[in-house]
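Working through the structure, step by step
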Amino acid sequence: GRNGVISSCSTGVLAALGQTGVRAAAPCLRYLGSVYTRKMLAAAVVTAASPDHLVVLQHGLYGGASNLAVLRQCLVGIGGDNVLVHLASANEGMTRDGVAAGGRRLAAEIRSVAASAPSLESLSLVGNSLGGLYVRAAAAELYGGGQQELGLAPNTLVTTGCPHLGVRRYTYLPLPPALHSLGGLVAGRTASDLLLRRTDADPRRPLLVEMADPDSRYGVALRSFQRRRLYANLRGDFMVPFGTAAIETGGWAAGVGDGRLVARFAARRDVVFRDVEVCGGRADGIGVVCEQRQERAEEG
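Residues numbered from 1 in each chain as written. Predicted model: local features only at pLDDT ≥ 70, side-chain atom pairs only at ≥ 80, totals over all residues. Heavy atoms only, no water.

**Regarding the overall build of the protein chain**
When helices and strands are counted, the protein chain shows twelve helices and seven strands. Within the protein chain, the fraction of its 300 residues that count as buried is 50%. By sequence separation, contacts in the protein chain at least 24 residues apart represent 72% of the contacts at least 6 residues apart. (Helix = DSSP H or I, 4+ residues; strand = E, 2+ residues; numbered from the N terminus. Buried < 20%, exposed > 50% of the residue type's maximum accessible area, 1.4 Å probe, protein only. Contact = heavy atoms within 4.5 Å.)

So this is what it looks like as structure tokens:
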């Protein structure tokens, strides 16, 4: 995982999960630069005795479960016995075979964790980078049919620095289309998904296009969560530029130009929080918060 994304977004993730306010999270955030080994993590993290809320943290491309160890530590410390925070490991060493495959593995892991803790009542998913696409794909496996076969109510889905729109237009520097075919050398089938490429083996519309369809099982699953949050770096994210992480078009493209568009984004009508120092690049932290509310249609 990219520590810059996690460091700047952790306060927001904690708040989105309903565990804390920004001020309460501050003491925990002092430790976001720490490095945890697996042995240290096993000794440090306290397992909840009878949790009712499962929070699953999913790493990104070529990552591992320990990448999100600090965020887990924060959530465990704040949530107490009510929260079981699980570092997903099913995709370790297996992030090249596509988003759908990773989503299925993650969904199977979630089912296994849920079965081991019968006191659980709700589920929240947090995905960093490629992990954001994995949690969306896993959500479709678990809730895409409009039913809760897992037995856990979908609570919150959070992504940090996730390439929701792929990277076909959203590399840090413009990438000539002729080079797209080389993506497989870097990330296998996952690269085809991120570059929105059709293949001879799978001529259907690209997976990320399907995931963007509100009428697809991915859309059904996403709407089932009570809260949905995404976080993106306003500038300087070499791996996942702002446009794809924030699902923004209209001028957003290669990440090298992100900084020129910050002021325009910060002036949006749905902005509920703005930090001019962060927006101006003079401080780290959360620069802009936008809130879009969608009223659910009443039944009957």
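**Quick notes on the layout of surface pockets**
Its volume calculated, the second largest pocket comes out at about 680 Å³. If you trace the second largest pocket, you find 26 residues lining it, with L61, V167, V186, L194 and M239 closest to the centre. At five residues, helix α7 (residues 183-194) tops the list of elements feeding residues into the lining of the second largest pocket. Its residues placed into classes, the lining of the second largest pocket shows 18 nonpolar, seven polar and one charged. (1 Å grid on protein atoms, 1.4 Å probe; cavity = no way out; pocket = protein on both sides within 12 Å on 5 of 7 lines; lining within 4 Å. Points joined across faces, edges and corners; volume = space filled by probe spheres on them. Nonpolar A, V, L, I, M, F, W, Y, C, P; charged D, E, K, R; others polar.)

**Overview of the packing of aromatic side chains**
What characterises a pair of aromatic rings is the spacing of the ring centres plus the angle enclosed by the ring planes. Within the structure shown, the criterion is met by four aromatic pairs. With centroids separated by 4.8 Å and ring planes inclined at 75°, the aromatic side chains of F242 and F265 adopt a geometry described as edge-to-face. Taken together, the residues F242 in helix α10 (residues 242-245) and F265 in helix α11 (residues 262-266) connect sequence positions 23 residues apart. Given the relative accessible area of 3%, F242 is considered buried. (Phe/Tyr/Trp six-rings, centres within 6.5 Å; stacked < 30°, edge-to-face > 60°.)

**Quick word on helix α6 (residues 130-143)**
The terminal C-alpha atoms of α6, which comprises 14 residues, lie 20 Å apart, in line with the 20 Å expected from a rise of 1.5 Å per residue. In terms of residue burial, α6 counts as a mostly covered element, since 13 of its 14 residues are buried. (Expected span 1.5 Å × (residues − 1).)

**Re the nonpolar core**
Core analysis: the largest hydrophobic core is formed by 38 residues, its most contacted members being L54, I110, L123 and L125. Residue contributions to this core peak at ten residues, all from α6. Non-local contacts of L54, meaning those with residues more than four positions away in its chain, are made with L84, H86, I110, V113, L120, S122, L123, S124 and L152. Ranked by size, the runner-up nonpolar core spans 14 residues in total, among them L57, V85, L87 and Y231. (Core = buried A, V, L, I, M, F, W, Y, C linked by side-chain atoms within 4.5 Å.)

**Topic: the pattern of salt bridges**
Evaluated as defined, the whole model comprises eight salt bridges. Put simply, R205 and E210 hold a salt bridge, and the shortest N to O gap is 2.7 Å. Given the relative accessible area of 38%, R205 is considered partly exposed. A salt bridge links E277 to R282; the nearest nitrogen and oxygen atoms lie 3.1 Å apart. Residue class for E277 comes out partly exposed when judged on its relative accessible area of 37%. Through salt bridges with shared partners, a single network forms among R205, E210 and D213. (Salt bridge = Lys/Arg side-chain N within 4 Å of Asp/Glu carboxyl O.)

**Structural notes on a nonpolar patch on the surface**
A contiguous nonpolar patch, built from L175, L179, L182, L185 and V186 and spanning about 460 Å² of accessible area, is present on the exposed surface. Mapped onto the elements, V186 comes out in helix α7. Taking the relative accessible area as the measure of exposure, V186 reaches 55% and is therefore exposed. (Patch = residues over 30% accessible without salt bridge, like charges linked within 9 Å, V, L, I, M, F, W, Y side chains within 5 Å. Areas by Shrake-Rupley, 256 points an atom, 1.4 Å probe, with all protein chains shown as cover.)

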